Amino acid sequence: MSKRIVTAETAETLAGKQREISVSEFFLKNRHLLGFDNPRKALLTAVKEAVDNSLDACEESGILPEVSVDITQINANRFKVSVTDNGPGILKSQIPKIFAKLLYGSKFHRLKMSRGQQGIGISAAGMYGQLTTGTSTRIFSKTKGSKKAHFMEVQIDTKRNAPNVIKDEEVDWEPVFYPHSSEGKALKEVSYKSGTCVEIEMEASYFRGRLSVDEYLKQCAIVNPHLQLHYRISLIQNAEGEDEKEKSAERSGKEREESKEMICKQGTWITFARAVNRMPEPAQEIKPHPHGVELGMLMQMLKDSEARTLRSALVSDFSRVSDKTALEICEKAGVSPKANPARIAQREIEVIYKAINETKLMRPPTDCLSPIGEEQIIAGMKKEIQADFYTAVTRAPTVYRGNPFQVEAGLAYAKPGENEDVASEEPIRLMRFANRVPLLYMAGACAMNKAAIGVNWKSYGLAQPKGSLPIGPMVLMIHIASVWVPFTSESKEAVAHYPEIIREITFCLQECGRRLSVFLSKRRRQMEAERKRNYMAMYIPHLALGLKEVLDLSDREDLSRPGFAREAPLELVRAAGGRAMPSIFVQHSGKTGFILNRSKF
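Residues numbered from 1 in each chain as written. Predicted model: local features only at pLDDT ≥ 70, side-chain atom pairs only at ≥ 80, totals over all residues. Heavy atoms only, no water.

## What to know about the overall build of the chain
Within the chain, the regular secondary structure consists of 17 helices and 19 strands. Split into buried and exposed, the 601 residues of the chain put 48% on the buried side. Restricting to contacts in the chain with at least 6 residues of sequence separation, those with at least 24 account for 71%. (Helix = DSSP H or I, 4+ residues; strand = E, 2+ residues; numbered from the N terminus. Buried < 20%, exposed > 50% of the residue type's maximum accessible area, 1.4 Å probe, protein only. Contact = heavy atoms within 4.5 Å.)

See the structure below:
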């Protein structure tokens, strides 16, 4: 038996194997980091990224957003996702880069609240579709004033992280929407002069439930009350009208392929009508706050600064730094205010960084945030959630690591048994949002979930097992708005556990709990009064019959006869000492008894 000879690697051979890895290649092998780890979640992530882009584009252009999501099942495990909006459209030169290049976007380098942050989402969805089906991403886009729309089919070159344009032509197209009433009746179609439509074919699966596309779009309608959203899903069905996914478990793969009776039945449009007709306040871009900048970032900013002196660089490149404050920082650091910022040495940078953190500065401006608002939160919840009591709280803006953020919460409490979606014997339903985007997965790893569990809901009238959400027919929503939401991963599914964020969420939920406690106490008092009235109504007829015998009343004076109280002598009622009570203790002819309130009969 021959021995295997292993050749030892040398520095030269190892160097020959080194090569650069593009970001596209990395995420292609690690697509679970972007939310494409299974077919069911992939469908949701693709819809989420496309809808987020549409809403951001409309809001930044001052357009009331109207978005449609059309999902069509092609075969057992393949779907086509089409998302259309009435936004400003996209220039032809930008289309390939936006939809077929990772880490390309307009939002990464700015401090301003927006749904997208990294420039990865929609191009990653197209890359996943290309990987699983081999098809291109199809884009229609028309800008205002253009006679024709641009149509492109693009794919991503994962080795170079660059777009490949497969087809490029001008077509007659404009965004068209098909609204339906709440009863399902088709209304007049609506078209716009500008907008964008993206179509991606991918391997996916569709299931209803709390982690479905249906739930995501419903929560989108709640947290974006100014949005008009249309949704349709068309599923493959057999001759008996059963969904393919329901029968697939009973048949083998070969039987499914051989079946000739399967057809794709076109679904019906569902419209989530907008609750308010005004746009949210636009967020303004701000400069970095010195207390939120780390040492390496400070060094890079000073190198890239166009200012000629260190003092002017601190004033012009950072927020909340006045000329006087900049001079104070330079004096604390022992550095000349006239020093060239690009030539600051490593040692001087550390001293400046320490001086900045020791200097008291105003908090960063908060006009970079665009919260939903208490009225809009309640309007959105009333539109989609049936309940008896609604309340909302918006906290004042605050800061974590120099980044402004703001916490909001909404609460809807239903009467037990009236809303099927919230059972009185199960944990409450918690909805989490970040920059107006629903977060459906990884609830256990999210700071919002931790804060909700940490509140003592027993003091507000709800049962709560230890280490768990409270029990009751209640929907609780939490929204965090920030220029940079600290997500735990690139898939943006959970918020990191910063103490400042958890503290603000806790304060917000406690205020909601106090309002709920007042409502529940009032309702308990009303229920107790109603219970007493029901007892009295039950037993008064029997008492009246007894009183007839005790007082020796004639048939005309029969207390059990309807209308007696109106015909009874006023002297008898006055002797009772009042009319406000449902039944009154009286004395008559030396005998005692009760008389019914005149106003009740």
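## Considerations on the pairing of strand β2 (residues 78-85)
Counting buried positions along β2 gives six out of eight residues, so the element sits mostly inside the fold. Pairing of strand β1 (residues 66-75) with β2 involves eight bridges; the strand directions are antiparallel. When the sheet's bridge partners are listed, Val-69 is paired in β2 with Val-83. In this structure, the hairpin formed by β1 and β2 is closed by a connection of two residues. Across eight bridges, β2 lies against strand β8 (residues 195-203) in antiparallel orientation. (Pairing = 2+ DSSP bridges.)

## Thoughts on empty space enclosed by the protein
Inspection of the entire model under this criterion finds nine cavities of 30 Å³ or more. When its volume is computed, the largest cavity comes out at roughly 120 Å³. Lining of the largest cavity is provided by 14 residues; of these, Leu-44, Lys-48, Leu-440, Tyr-441 and Glu-493 occupy positions nearest its centre. Elements that contribute at least two residues to the lining of the largest cavity include exactly α3 (39-60) and β16 (437-439). (1 Å grid on protein atoms, 1.4 Å probe; cavity = no way out; pocket = protein on both sides within 12 Å on 5 of 7 lines; lining within 4 Å. Points joined across faces, edges and corners; volume = space filled by probe spheres on them.)

## Some words on the side chain of Thr-45
On the secondary structure map, Thr-45 appears in helix α3. Overall, the relative accessible area of 7% leaves Thr-45 in the buried class. Not counting residues up to four positions away in its chain, the partners in contact with Thr-45 are Leu-34, Gly-35 and Phe-36.

## Some remarks on a nonpolar patch on the surface
On the surface, Tyr-535, Met-538, Tyr-539 and Leu-543 cluster together to form a nonpolar patch covering roughly 420 Å² of accessible area. Its location among the elements puts Met-538 in helix α15 (residues 499-550). (Patch = residues over 30% accessible without salt bridge, like charges linked within 9 Å, V, L, I, M, F, W, Y side chains within 5 Å. Areas by Shrake-Rupley, 256 points an atom, 1.4 Å probe, with all protein chains shown as cover. Salt bridge = Lys/Arg side-chain N within 4 Å of Asp/Glu carboxyl O.)

## A closer look at the nonpolar core
The nonpolar side chains of a soluble globular protein tend to be buried with one another. Counting 50 residues, the largest nonpolar core has Val-51, Val-69, Ile-71, Leu-217 and Tyr-231 as its most contacted members. In terms of residue count, the dominant contributor to this core is α3 (eight residues). Ile-428, Ala-434, Leu-439 and Ile-478 belong to the second-largest nonpolar core, a separate cluster that totals 39 residues. (Core = buried A, V, L, I, M, F, W, Y, C linked by side-chain atoms within 4.5 Å.)

## Quick look at the environment of Gly-373
When you line up the elements, Gly-373 lands in the loop between α12 (346-358) and α13 (374-384). Measuring from C-alpha to C-alpha, the distance between Gly-373 and Glu-408 comes to 7.8 Å, with 35 residues separating the pair along the chain.

## Considerations on the packing of aromatic side chains
According to the stated counting rule, one finds 10 aromatic pairs in the structure shown. Ring geometry for Phe-389 against Phe-519: centres 4.6 Å apart, planes inclined by 15 degrees, an arrangement best described as stacked. Of this pair, Phe-389 sits in strand β12 (residues 389-394) while Phe-519 is found in helix α15, placing the two residues 130 residues apart along the sequence. Residues Phe-389 and Phe-519 agree in their burial class; the two are buried. Between Tyr-400 and Tyr-498, the ring centres sit 5.0 Å apart and the planes meet at 50 degrees, which makes this aromatic pair tilted. Residue Tyr-400 is located in strand β13 (residues 398-400), and its partner Tyr-498 is located in the loop between β17 (474-482) and α15; the two are separated by 98 residues in the primary sequence. Relative accessible area serves as the criterion here: at 1%, Tyr-400 is assigned to the buried category. The structure contains a cluster of three or more aromatic residues connected by ring pairs, namely Phe-140, Phe-151 and Trp-173. Sitting over the ring of Tyr-441, Lys-41 keeps its end group 4.7 Å from the ring centre. (Phe/Tyr/Trp six-rings, centres within 6.5 Å; stacked < 30°, edge-to-face > 60°. Lys NZ or Arg CZ within 6 Å of the ring centre and 35° of its normal.)

## A closer look at helix α14 (residues 447-454)
For an α-helix, 3.6 residues make a turn, and residues three or four places apart therefore share a direction. All buried positions along α14 are accounted for by Ala-447, Met-448, Asn-449, Ala-451 and Ala-452. Where α14 is buried, its residues meet β15 (429-434), β16, β17 and α15.

## So, the packing of α3 against helix α5 (residues 121-133)
One way to put it is that α3 packs onto α5 with a least axis distance of 8 Å and a crossing angle of 140 degrees. Classed by the angle they form, the pair α3 and α5 counts as oblique. In this structure, the crossing between α3 and α5 has a hand that is left-handed. Facing Pro-39, Ala-42, Ala-46, Glu-49, Ala-50 and Asn-53 of α3, the residues of α5 in contact are Gly-121, Ile-122, Ala-125 and Tyr-128. (Axes fitted to C-alpha atoms, helices over the stretch in contact; angles between N-to-C directions. Parallel < 35°, antiparallel > 145°, perpendicular 65-115°, else oblique. Left-handed = near helix turned anticlockwise from the far one by under 90°.)

## Concerning the packing of α3 against helix α6 (residues 213-223)
Contact geometry of α3 with α6 gives a least axis separation of 9 Å together with a crossing angle of 25 degrees. Classified by the interaxial angle, the pair formed by α3 and α6 is roughly parallel. α3 and α6 meet at a crossing whose hand is right-handed. Between α3, through Leu-43, Leu-44, Val-47, Lys-48, Val-51 and Asp-52, and α6, the contact on the second element is made entirely by Val-213, Tyr-216, Leu-217 and Cys-220.

## A word on the confidence of the model for the chain
In this model, the chain carries a mean pLDDT of 82, and residues with pLDDT of at least 70 account for 84%. This model gives residues 246-260 a pLDDT under 50, and the stretch forms nine contacts once residues within four places in sequence are excluded. In this model residues 564-601 is a low-confidence stretch, pLDDT under 50, and it forms 68 contacts with partners more than four residues away in sequence or in other chains. (pLDDT = per-residue confidence, 0-100.)

## Digging into the pairing of strand β5 (residues 162-171)
Pairing of strand β4 (residues 149-157) with β5 involves nine bridges; the strand directions are antiparallel. What sits directly across from Phe-151, in β5, is Glu-169. Linkage of β4 to β5, two consecutive antiparallel strands, is achieved through a turn of four residues, within which Asn-161 is found at a positive phi near 50 degrees.

## Considering α3
In this model α3 runs 32 Å from its N-terminal to its C-terminal C-alpha over 22 residues, within 8% of the 32 Å that 1.5 Å per residue would give. In the stretch just after α3, Gly-62 is the one whose phi turns positive, near 70 degrees. (Expected span 1.5 Å × (residues − 1).)

## A few points about the environment of Leu-520
Residue placement: Leu-520 occurs in helix α15. Distance from Leu-520 to Gly-461, taken between C-alpha atoms, is 7.1 Å for residues 59 residues apart in sequence. Contacts of Leu-520, omitting those with residues within four sequence positions, involve Tyr-413, Tyr-460, Gly-461 and Leu-462.

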